[in-house]
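Next come the chains, spelled out residue by residue.
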Amino acid sequence: MSPDDLDPPGFCPQGFWLNERGLPDMDLDAVTKQSVLHAKPDGLILQYGTAGFRTKAEHLDHVMFRMGLLAVLRSKQTKSAIGVMVTASHNPEEDNGVKLVDPLGEMLAASWEEHATCLANAEEEHLPRVLVDISEKAAVDLHQDAFVVIGRDTRPSSEKLSQSVIDGVTVLGGQFHDYGLLTTPQLHYMVFCRNSKGQYGKATVEGYYQKLSSAFVELTKQAFCSGDDRRTLRVDCANGIGALKLAEMRHYFSQGLSVQLFNDGTKGKLNHLCGADFVKSHQKPPQGIEMRANERCCSFDGDADRIVYYYHDADGQFHLIDGDKIATLISSFLKELLLEIGDGLSLGVVQTAYANGSSTRYLEEVMKVPVYCTKTGVKHLHHKAQEFDIGVYFEANGHGTVLFSKAAETKIKQLAKESEDEKRKAAKMLESIIDLFNQTIGDAISDMLVIEAILALKGLTVQQWDALYTDLPNRQLKVKVADRQVISTTDAERQVVKPPGLQEAINDLVKKYRLSRAFVRPSGTEDIVRVYAEADSQENTDSLAYEVSLAVFQLAGGIGERPQRGF
Ligand code: 16G
Ligand code: MG
């Protein structure tokens, strides 16, 4: 957009945008004055990426202020509360980020991601006009009230940055509630609670603890009254917000599960050598956790929306149980319950190209569950999962949840009241599971409680769970290129369209190995190209990953050091 093209009819010299009654709706003078206090660094261009804006914290003050402004417009347009979360998830402590949460607790709509990018990058003097332009394009009713809920993670920069969000909200006349420290999924939960007028739950931290814990206690009643020992789980909290919230929450469910917290933020640095991202990408345990042979451990990421499990066997060998195996455990449990109630509700599993080939094969061939693949990023999986009565979605990295359609929920509730014996029991379990899953977004705490409940009810050990199938060896690498946008993909990122010749090169390399698969895609969060490979042995996988990296380097404008064999 060229801001000079714009001269909206109601734009008056005092800087007010006049509504049809001639009253000012946006005090653009005040916006301009406040904005100077949150000035945009010269030449800085940022993109609303896969999960919002993310970069070094010192570059984000203006973005936060402007996202406060945008949240007000979105709130007016949707006539609903909108969420703003200040976090950079698994990224280093020095980074930060921000994302907006839409009315049902889901990620911001794609068309508004463009508005967010446009607003964040506007030069100071164009800011009022960009605001007016967004309001017009999105048909925002400026007379509406606006309400914004705000949460933040434990990063040292987060408190000040969330104050900048508040400055943006208030200068446009929006009301707000600042929840302070929250996990990302808790903020999503709060937004949905408020917009469902409390039907989804109480919009307080206490309400969240109570809803999930009572569902967990109800679901596991049966397992624990059979005399099982109280279960213990070791949790690596990535030195992040998950530690604070789990410490507050654990006494609500302590009769069924005892959690032992590690990397709770009292000593170590956020996400440093710990957390779900570290464990998944290095395929090794985090520092700072005491593991015992064959005992379950899990790791959250820095904002507690991802979880992976793992254990050491008696020989000290490390076993990772990632999002794919979590999805498999959950789907097989749900499928059993659905067979019990016999009501023809559809179940589907949604994965991305990163899902281990063994998991897809197991789900399709052994469990006979339909599996779909979408592009990377929660919003893509979430939308696909909404097409089923019950949609299970997980990324291999541990991001995921289960969505129940309104129709499925109604049916289940009815069966839980009316049907007899076994059928009723299964329906009651499903009823508790609906409450236990965070329906807005993947949630490490909620997923952990679901997993612990299923393991307890099925009497499964972590080894038995792990043995459902054997992961194919896999490897992920990064390649630096001058411009990662020269790569474009199709077929849920499994095929390269551009640059010419790259997909053919990958096809030829993949043919050299057994059970092999490889794909490349530009990262949505880092300035790199990601390479994924899997094959029948780790050695072959590593060779394939290296060869594909080299092809990317040569055909897609690699810069810096050439990829090396052996990593
Ligand atoms: C973001 C996404 C995550 C995805 C990752 C991919 C959300 C909330 N988070 O963290 O789902 O797996 O990006 O990163 O959508 P990449 O594009 O750098 O590989
Ligand atoms: Mg995260």
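Calculation criteria
Residues numbered from 1 in each chain as written. Chains lettered and ligands numbered in written order. Predicted model: local features only at pLDDT ≥ 70, side-chain atom pairs only at ≥ 80, totals over all residues. Heavy atoms only, no water. UniProt positions renumbered as here; feature names shortened; annotations may be inferred. Helix = DSSP H or I, 4+ residues; strand = E, 2+ residues; numbered from the N terminus. Disulfide = S-S within 2.5 Å. Donors = N, O, S within 2.8 Å, 3.2 Å for Na, K, Ca; no water. Buried < 20%, exposed > 50% of the residue type's maximum accessible area, 1.4 Å probe, protein only. Axes fitted to C-alpha atoms, helices over the stretch in contact; angles between N-to-C directions. Parallel < 35°, antiparallel > 145°, perpendicular 65-115°, else oblique. Left-handed = near helix turned anticlockwise from the far one by under 90°. Contact = heavy atoms within 4.5 Å. Right-handed = clockwise from strand over helix to strand, strands pointing away. Pairing = 2+ DSSP bridges. Near = heavy atom within 4 Å. Polar contact = N/O pair within 3.5 Å; in protein donor to acceptor, adjacent residues only side chain to side chain. Areas by Shrake-Rupley, 256 points an atom, 1.4 Å probe, with all protein chains shown as cover. Nonpolar A, V, L, I, M, F, W, Y, C, P; charged D, E, K, R; others polar. Core = buried A, V, L, I, M, F, W, Y, C linked by side-chain atoms within 4.5 Å. Phe/Tyr/Trp six-rings, centres within 6.5 Å; stacked < 30°, edge-to-face > 60°. pLDDT = per-residue confidence, 0-100. Domains from an automatic or database assignment. Buried area = accessible area lost by both parts, 1.4 Å probe. Salt bridge = Lys/Arg side-chain N within 4 Å of Asp/Glu carboxyl O.

Visitor: Lay out the UniProt feature "domain: Phosphoacetylglucosamine mutase AMG1" (unreviewed entry) in the protein chain with the relevant residues and their values.
Guide: UniProt annotation of "domain: Phosphoacetylglucosamine mutase AMG1" (unreviewed entry) refers to residues 203-308 and 322-459 when read in the numbering used here. What you have in residues 322-459 is 59% helix and 14% strand, and the ends, taken at the C-alpha atoms, are 20 Å apart.

Visitor: With reference to specific residues and values, describe the state of the cysteines.
Guide: The full count for this structure, using the stated rule, is zero disulfides. Considering cysteine sulfurs only, C237 is the nearest to C298, which forms no disulfide, with 7.7 Å between them.

Visitor: Describe the coordination of the magnesium ion (ligand 2), naming the residues involved and giving the relevant values.
Guide: Donor atoms from the polypeptide that bind the magnesium ion (ligand 2) are S89 (OG), D301 (OD), D303 (OD) and D305 (OD), placed at 2.0 to 2.2 Å. Donor residues for the magnesium ion (ligand 2) sit on one chain with the sequence pattern S-x211-D-x1-D-x1-D. Judged by relative accessible area, which is 0%, D301 ranks as buried.

Visitor: For the packing of helix α17 (residues 502-511) against helix α18 (residues 538-555), give the residues involved together with the corresponding values.
Guide: Following both chains from N to C, one finds α17 and α18 inclined at 160 degrees, their axes separated by 10 Å at the closest point. It follows that α17 is roughly antiparallel to α18 by the angle criterion. For the pair α17 and α18, the sense of crossing is right-handed. Together, L502, A505, I506, L509 and V510 of α17 and L544, E547, V548, A551, V552 and L555 of α18 make up the contact between the two elements.

Visitor: With reference to specific residues and values, describe the pairing of strand β8 (residues 231-236).
Guide: For β8, the buried fraction is high: five of the six residues fall into the buried class. Crossover connection from β8 via helix α8 (residues 241-249) to parallel strand β9 (residues 257-262): handedness right-handed. Across three bridges, the pairing between β8 and strand β10 (residues 297-300) is parallel. Following the sheet pairing, R234 is matched in β10 by C297.

Visitor: An account of the side chain of T328 is needed here, citing residue identities and associated values.
Guide: Checked against the element boundaries, T328 lands in helix α10 (residues 323-341). When neighbours within four sequence positions are excluded, T328 is seen to be in contact with Y362, L363, M367, L468 and Y469.

Visitor: Could you give me a rundown of the sheet that holds strand β17 (residues 474-479), with the residues and numbers involved?
Guide: Strands sit in the order β17-β21-β20 across an open sheet of three strands; the sheet is antiparallel. The strands lining the two open edges of the sheet, one partner per strand, are β17 and β20 (517-522). The average undirected angle you get between the axes of adjacent strands in this sheet is 15 degrees. As paired strands, β20 and strand β21 (residues 529-534) are joined by six bridges and run antiparallel to one another.

Visitor: Requested: an account of the site of ligand 1, with residues and values cited.
Guide: Taken together, 15 residues form the shell around ligand 1, and within it E395, S523, G524, T525 and R530 come nearest. Measuring from an oxygen atom of ligand 1, one finds a backbone N or O atom of V378 at 3.1 Å. R521 places a side-chain nitrogen or oxygen 2.7 Å from an oxygen atom of ligand 1. Contact with the protein chains removes 94% of the 460 Å² of surface that ligand 1 exposes when unbound. Split into classes, the residues belonging to the shell around ligand 1 amount to three nonpolar, eight polar and four charged.

Visitor: Just give me the short version of the nonpolar core, but keep the residues and values in it.
Guide: Membership of the largest hydrophobic core comes to 84 residues, with the highest contact counts inside it found for V235, F300, L334, M448 and L449. With near-sequence residues (within four places) excluded, F300 lies in contact with V235, D236, A238, G242, L246, G275, A276, R306, I307, A444, I445 and M448. Core analysis: the second largest hydrophobic core is formed by 46 residues, L60, M67, L100 and I150 among them.

Visitor: Can you tell me about the UniProt feature "active site" (unreviewed entry) in the protein chain, naming the residues and giving the values?
Guide: Per the UniProt record, "active site" (unreviewed entry) is found at S89. Classification of S89 by relative accessible area gives buried; the value is 4%. Beyond its immediate sequence surroundings of up to four residues, S89 is in contact with R54, D153, R155, N271, D301, G302, D303 and D305.

Visitor: With reference to specific residues and values, describe the packing of α10 against helix α15 (residues 444-458).
Guide: The N-to-C vectors of α10 and α15 enclose an angle of 55 degrees; their axes lie 11 Å apart at closest approach. Between α10 and α15, the angle falls in the class oblique. For the pair α10 and α15, the crossing hand works out as left-handed. Taking contact as the criterion, the partners of I326, L329, I330, F333 and E336 in α10 are, on α15, V450, I451, I454, L455, L457 and K458. Among the residues making up the contact of α10 with α15, the classes are represented as nine nonpolar, no polar and two charged.

Visitor: So what's going on with the side chain of T220? Residues and values would help.
Guide: Along the chain, the position of T220 falls in helix α7 (residues 205-225). Using a relative accessible area of 1% as the deciding quantity, one classes T220 as buried.

Visitor: Describe the packing of aromatic side chains, listing the residues and the values that go with them.
Guide: Any aromatic ring pair is given by two values, namely how distant the centres are and how the planes are angled relative to each other. Enumeration over the complete set of coordinates arrives at 14 aromatic pairs. Aromatic side chains Y309 and W465 sit 5.2 Å apart centroid to centroid with 65 degrees between the ring planes, which places their arrangement in the edge-to-face category. With Y309 in strand β11 (residues 307-312) and W465 in helix α16 (residues 462-466), this pair connects stretches of sequence that are 156 residues apart. When sorted by exposure, Y309 lands in the same class as W465, which is buried. Between Y354 and F519 the ring centres are 5.0 Å apart and the planes differ by 65 degrees, which places this aromatic pair in the edge-to-face class. One end of the pair, Y354, is in the loop between β13 (347-352) and α11 (357-366); the other, F519, is in strand β20, and 165 residues separate them in sequence.

Visitor: Go over the environment of E106, please, and point to the residues and values.
Guide: As for its position among the elements, E106 is in the loop between β5 (95-101) and α3 (110-121). Counting along the chain gives 333 residues from E106 to Q439, while the straight-line C-alpha distance between them is 9.0 Å. In contact with E106, other than residues within four places in its own chain, are V101, H382 and T440. There is a polar contact of 2.9 Å between the side chain of E106 and the backbone nitrogen of L104.

Visitor: Break down the confidence of the model for the protein chain for me, with residues and values.
Guide: Per-residue confidence for the protein chain gives a mean pLDDT of 93; residues scoring 70 or more make up 94%. This stretch, residues 1-16, has a pLDDT under 50; its non-local contacts, to residues over four places away or in other chains, come to 30 contacts.

Visitor: Tell me about the environment of E504, and please be specific about residues and values.
Guide: Along the chain, the position of E504 falls in helix α17. A distance of 3.4 Å separates the side chain of E504 from the backbone nitrogen of G501, its partner in a polar contact.

Visitor: Any details on the domain arrangement of the protein chain? Residues and values, ideally.
Guide: The domain architecture assigned to the protein chain consists of domain 1 (28-181), domain 2 (207-321), domain 3 (323-442 + 461-467) and domain 4 (474-556). Between domain 1 and domain 3, the C-alpha centre-to-centre distance is 34 Å. Listed per partner, the contact involves six residues of domain 1 and six residues of domain 3. Between domain 1 and domain 3 lies a buried interface of about 490 Å² when both sides are counted; carbon and sulfur atoms form 64% of it. For the interface between domain 1 and domain 3, the tally reads one salt bridge. Summed over the shared surface of domain 1 and domain 3, the number is one residue pair in polar contact (both at pLDDT 80 or more). In terms of residue class, the side of domain 1 that touches domain 3 is made up of two nonpolar, two polar and two charged.

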